[in-house]
Amino acid sequence: MNLYKNDLPADIKFKGSVAIDTETMGLAIKRDRLCLVQMCSEDGQTFLVQIQKNKQEEAKNLKKLLTDESVLKIFHYARFDVSILNYTFGINVHPIYCTKVASKLARTYTDKHGLKNLCKDILGIELSKHEQSSDWGQDELSAEQLKYAEGDVLYLHKLREILNGMLVREGKMELANKCFEAISTITDLEIAEIVPEELFQH
Ligand code: MN
């Protein structure tokens with residue numbers, strides 16, 4: 001695990017795809033600040049960038065990665081992470097893959113699509129959710145917090161691989177790709193404080 005403050009070092013390059021998760025002060029995009037951005041490369045290396053209060057301007061290399069068209073950003077529930085990243089850094093994260101959307105499209109035989117459920121059901125891995133509600137804004141994160149934060153990005157590449165197999169098998173890959181493209185619009189609405197579900201309702 002590599003831990004940095006406020007930006008990725010310039011010499012760290014990701015190829016192909018990167019798994020990403022965030023930790024924040026809470027779930028309200030405009031009220032609760034971004035505290036940590038966790039990343040995992042295709043070869044399983046993890047990089048954690050702690051974002052200190054009022055230091056968002058320093059994240060130049062991180063912003064470059066998040067908007068690099070040649071690197072696919074894999075999230076679980078991209079809607080939240082992309083909203084807070086776009087809002088915090090004034091960017092448009094792209095391209096996006098979401099394992100939760102992929103799971104909902106591919107695994108219609110269940111209604112359990114949380115990351116913990118996915119890891120258990122399709123990888124046989126137990127993921128701890130213990131540190132989920134903790135103070136991510138503190139300057140020195142605990143070893144337990146860092147371990148938990150890392151766990152949230154470790155399996156996203158593998159999940160994507162398996163879910164893509166199911167999506168292709170069921171003829172839903174094209175639809176999934178359209179949904180991933182739609183996430184940018186949904187997060188724009190989120191930031192404009194327009195509820196997407198209401199906008200498209202009768
Ligand atoms: Mn997380």
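In what follows, the accompanying structure is described.

Rules used in this analysis
- Residues numbered from 1 in each chain as written.
- Predicted model: local features only at pLDDT ≥ 70, side-chain atom pairs only at ≥ 80, totals over all residues.
- Heavy atoms only, no water.
- Patch = residues over 30% accessible without salt bridge, like charges linked within 9 Å, V, L, I, M, F, W, Y side chains within 5 Å.
- Areas by Shrake-Rupley, 256 points an atom, 1.4 Å probe, with all protein chains shown as cover.
- Salt bridge = Lys/Arg side-chain N within 4 Å of Asp/Glu carboxyl O.
- Helix = DSSP H or I, 4+ residues; strand = E, 2+ residues; numbered from the N terminus.
- Pairing = 2+ DSSP bridges.
- Axes fitted to C-alpha atoms, helices over the stretch in contact; angles between N-to-C directions.
- Contact = heavy atoms within 4.5 Å.
- Donors = N, O, S within 2.8 Å, 3.2 Å for Na, K, Ca; no water.
- Buried < 20%, exposed > 50% of the residue type's maximum accessible area, 1.4 Å probe, protein only.
- Disulfide = S-S within 2.5 Å.
- Parallel < 35°, antiparallel > 145°, perpendicular 65-115°, else oblique.
- Left-handed = near helix turned anticlockwise from the far one by under 90°.
- Nonpolar A, V, L, I, M, F, W, Y, C, P; charged D, E, K, R; others polar.

With respect to a nonpolar patch on the surface
There is a patch of nonpolar side chains on the surface, built from I194, L199 and F200 and spanning about 330 Å² of accessible area. Inspection of the secondary structure puts F200 in the segment after α8 (196–199).

Section: the sheet that holds strand β2 (residues 17–24)
The strand order β1-β4-β3-β2-β5-β6 describes an open sheet built from 6 strands, whose pairing is mixed. Only two strands of the sheet have a single partner each, and these edge strands are β1 (2–5) and β6 (96–98). Looking at each pair of strands side by side, their axes are set apart by 25 degrees on average, direction ignored. In terms of strand pairing, strand β5 (residues 72–75) meets β6 through 3 bridges, oriented parallel. Across the sheet, residue I74 finds its bridge partner in β6, namely Y97. Most of the contacts of helix α3 (residues 99–106) go to β6, to which it runs at about 50 degrees, and overall it touches β5 and β6.

Here we look at the coordination of the manganese ion
Every protein donor of the manganese ion is accounted for by D21 (OD), E23 (OE) and D152 (OD), and the metal-donor separations fall at 2.1 to 2.2 Å. Donor residues for the manganese ion, ordered by position in the chain, follow D-x1-E-x128-D. Of the residues examined, D21 reaches a relative accessible area of 11% and is grouped as buried.

Re the state of the cysteines
Applying the stated rule across the entire model yields 0 disulfides. Free of any disulfide, C179 has its nearest cysteine sulfur in C98, 9.8 Å distant.

With respect to the packing of helix α2 (residues 78–89) against helix α7 (residues 173–191)
Running from amino to carboxyl end, α2 crosses α7 at an angle of 60 degrees, the nearest separation of the two axes being 9 Å. Looking at the two axes, α2 sits oblique to α7. Between α2 and α7 lies a crossing whose hand is right-handed. Note on element contacts: α7 touches α2 through I183, I186, T187, E190 and I191, opposite A78, R79, V82, S83, N86 and Y87. Considering only residue class, the contact of α2 with α7 consists of 6 nonpolar, 3 polar and 2 charged.

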